[in-house]
Every structure is written in structure tokens, then in C-alpha cells.
Amino acid sequence: MRIAVLVSGGGTNLQAIIDSINEGRITNTEICLVYSNNPKAYAIERAKKAGIPYVVKSPKEFENRQEFNEALLQILKDADPDLIVLAGCLVVIPKEVVRAFEGRIINIHPSLIPSFCGTGFYGLKVHEKVLERGARVSGATVHFVDEGTDTGPIILQKPVMVRDDDTAKTLQRRIMEQAEWKIMPMAIDLLANNKVKVEGNKVVIEDYDQNIVDSL
Ligand code: GRF
């Protein structure tokens with residue numbers, strides 16, 4: 001399975017995917033492209049080190065958003081991935097892309113959807129809201145991308161307990177380490193091995209066992 005990974009920041013989820021492929025936790029998969037809107041994204045350095053083709057194209061380089069959207073669609077069509085993986089991608093994915101790759105785009109969100117998600121919930125803001133609300137449990141979710149924001153069918157989730165002494169940063173880091181970097185590779189491997197199907201708004205995973213997810 002060819003995957004294109006879309007990034008905007010540090011690329012630790014990209015690195016988890018690279019490492020999982022190299023260590024055999026993800027099979028039948030190759031990263032055919034890393035795309036970033038942000039030329040300063042350390043994720044691009046990670047792609048370079050791993051010898052993965054990359055493209056950096058910022059919306060700022062275009063007269064208007066529509067021209068950027070068309071350019072992004074062409075970049076992805078040229079790469080011809082079987083799956084698009086949003087790994088900390090802060091660019092709003094254009095409807096043209098969602099439609100062209102319907103059912104073949106996944107995203108990692110740093111909370112247990114449908115809590116603390118949707119427009120405006122990204123990066124540290126998510127964890128600030130969790131602490132503000134006094135939630136005892138948070139975590140991460142891998143879901144299919146549809147034309148909404150964080151609204152597509154849920155593939156995997158992993159809970160992470162919130163600690164009384166947590167700051168947004170410590171919670172973010174623990175969710176990345178204990179949840180994101182585990183369930184994103186697992187979701188990709190399940191998809192690469194045809195273990196996932198969508199029935200209505202639910203995802204059915206062959207031989208699914210949440211204990212395996214929790215034990216990761
Ligand atoms: C992660 O927290 C992810 O959940 C969110 O953006 C962050 C990306 O981190 N979507 P990285 O670029 O993968 O390190």
C-alpha cells in the first residue's frame with residue numbers, strides 16, 4: 001500500500017510510521033510522498049533522513065485558496081497513493097481532495113472523538129480544553145476523513161488518564177507517546193492488510209480486540 005503523509009510540524013507521528021515500517025510493525029506499506037505546507041516543519045528533515053520523496057507547497061505561494069487547493073490535488077494525484085495520512089497536518093483538506101480520495105484519507109486527533117474536537121480544536125488547544133473541563137480521561141483517535149472536521153468514522157482510539165499535575169504540554173506529550181505513536185501505525189497496518197471496512201458510520205475491524213490496542 002502506497003501512503004502519502006501530510007505534515008505541518010515536528011513529524012513525530014511521521015517518525016512513528018517510518019520506524020514501524022522499518023521494524024515490521026507495519027507491513028505491505030511504503031511512504032511514496034511526504035507533503036508539508038510549512039517549509040520549516042522538522043517533519044521534512046525526517047523525510048529527508050529517511051530518503052522519502054517530499055514536497056513543500058504553502059498556500060501563501062498562491063494568489064488564492066482555490067489555486068492552492070487545485071495544486072495540492074495535483075501533487076497528490078501525481079504521487080498516486082492508496083492512502084493519505086494526515087499526521088499533524090494543519091491545512092484544511094480541500095473538498096476536491098476528500099472527494100478524489102473518498103474513504104482513503106485518515107487523520108490522527110489528540111482526543112477521544114467526539115470530545116474536544118471540531119473547528120478550532122488542534123494542537124495544544126485540545127489539551128488546554130481537556131484540563132479546563134476537568135476531564136479525567138483523554139487520549140487519541142484515528143479516524144477516516146470526510147468533508148466535516150473530525151467527523152469521519154472512528155478506526156482506533158486509545159485512552160490516556162489525565163493527571164492532577166498535568167499541564168497542556170505534559171498531557172500532549174503523554175498522549176503522543178502512549179497513544180498517537182501506537183494507534184496511527186496500527187491503523188495503517190490494518191488498512192494495508194485489508195482488515196478494515198466501513199459499514200454506515202461505523203468501522204469494522206477483522207479480529208478486533210481493544211485489549212491489544214490498550215496494551216500497545
Ligand atoms: C499531534 O499531536 C497530532 O495529534 C496533531 O498534531 C500533532 C502533530 O505532531 N494532529 P507531529 O507533527 O506528528 O509531531
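See above for the structure.
These notes cover the structure that comes with them. As the structure is a prediction and not an experimental result, all values here were calculated from the model.

**Here's the deal with the layout of surface pockets**
Empty space among the atoms becomes visible once a probe the size of a water molecule is rolled across them. Size it by volume and the largest pocket reaches roughly 1,000 Å³. If you trace the largest pocket, you find 40 residues lining it, with Gly88, Cys89, Leu90, Asn107 and Tyr122 closest to the centre. Where the lining of the largest pocket is concerned, the elements lending two or more residues are helix H1 (12-22), helix H4 (95-100), strand S5 (105-109), strand S6 (137-144) and helix H6 (168-192). When the residues that make up the lining of the largest pocket are grouped by side-chain class, the tally is 15 nonpolar, 20 polar and 5 charged. In this structure, the second largest pocket spans a volume of roughly 270 Å³. If you go around the second largest pocket, the residues you meet are Ala16, Asp19, Ser20, Arg25, Glu177, Trp181, Lys182, Pro185, Met186, Asp189, Leu190 and Leu216. At the level of secondary structure, the elements contributing two or more residues to the lining of the second largest pocket comprise H1 and H6. Residue contributions to the lining of the second largest pocket peak at 7 residues, all from H6. Across the lining of the second largest pocket, the residue classes break down as 6 nonpolar, 1 polar and 5 charged.

**Let's talk about unusual backbone geometry**
Backbone torsion omega between Ile113 and Pro114 reads 15°, so that peptide bond is classified as cis. Considering the arrangement of structural elements, one finds Pro114 in the loop between S5 and helix H5 (124-133). Even without being a glycine, Asp150 presents a positive backbone phi close to 60°. In this fold, Asp150 is placed in the loop between S6 and strand S7 (154-161). On the accessibility criterion, Asp150 (12% relative accessible area) is buried. With a phi angle near 60°, Asp207 is a residue other than glycine that sits in the positive phi range. When its relative accessible area of 64% is taken as the criterion, Asp207 is described as exposed.

**Focus on the pairing of strand S2 (residues 30-36)**
In terms of burial, S2 is a largely internal element, 6 of the 7 residues being buried. Bridge count between strand S1 (residues 2-7) and S2: 6 bridges; the pairing is parallel. Considered in S2, the bridge of Leu6 is made with Tyr35. Between the parallel elements S1 and S2, the chain passes through H1 in a crossover that is right-handed. Inspection of the sheet shows S2 paired to strand S3 (residues 54-56) by 3 bridges, in the parallel sense. The partner of Ser36 across the bridge, within S3, is Val56. Chirality of the crossover, the property in question, places the unit of S2, helix H2 (residues 42-49) and S3 among those that are right-handed.

Reading guide: rules and limits
- Residues numbered from 1 in each chain as written.
- Predicted model: local features only at pLDDT ≥ 70, side-chain atom pairs only at ≥ 80, totals over all residues.
- Heavy atoms only, no water.
- 1 Å grid on protein atoms, 1.4 Å probe; cavity = no way out; pocket = protein on both sides within 12 Å on 5 of 7 lines; lining within 4 Å.
- Points joined across faces, edges and corners; volume = space filled by probe spheres on them.
- Helix = DSSP H or I, 4+ residues; strand = E, 2+ residues; numbered from the N terminus.
- Nonpolar A, V, L, I, M, F, W, Y, C, P; charged D, E, K, R; others polar.
- Buried < 20%, exposed > 50% of the residue type's maximum accessible area, 1.4 Å probe, protein only.
- Pairing = 2+ DSSP bridges.
- Right-handed = clockwise from strand over helix to strand, strands pointing away.

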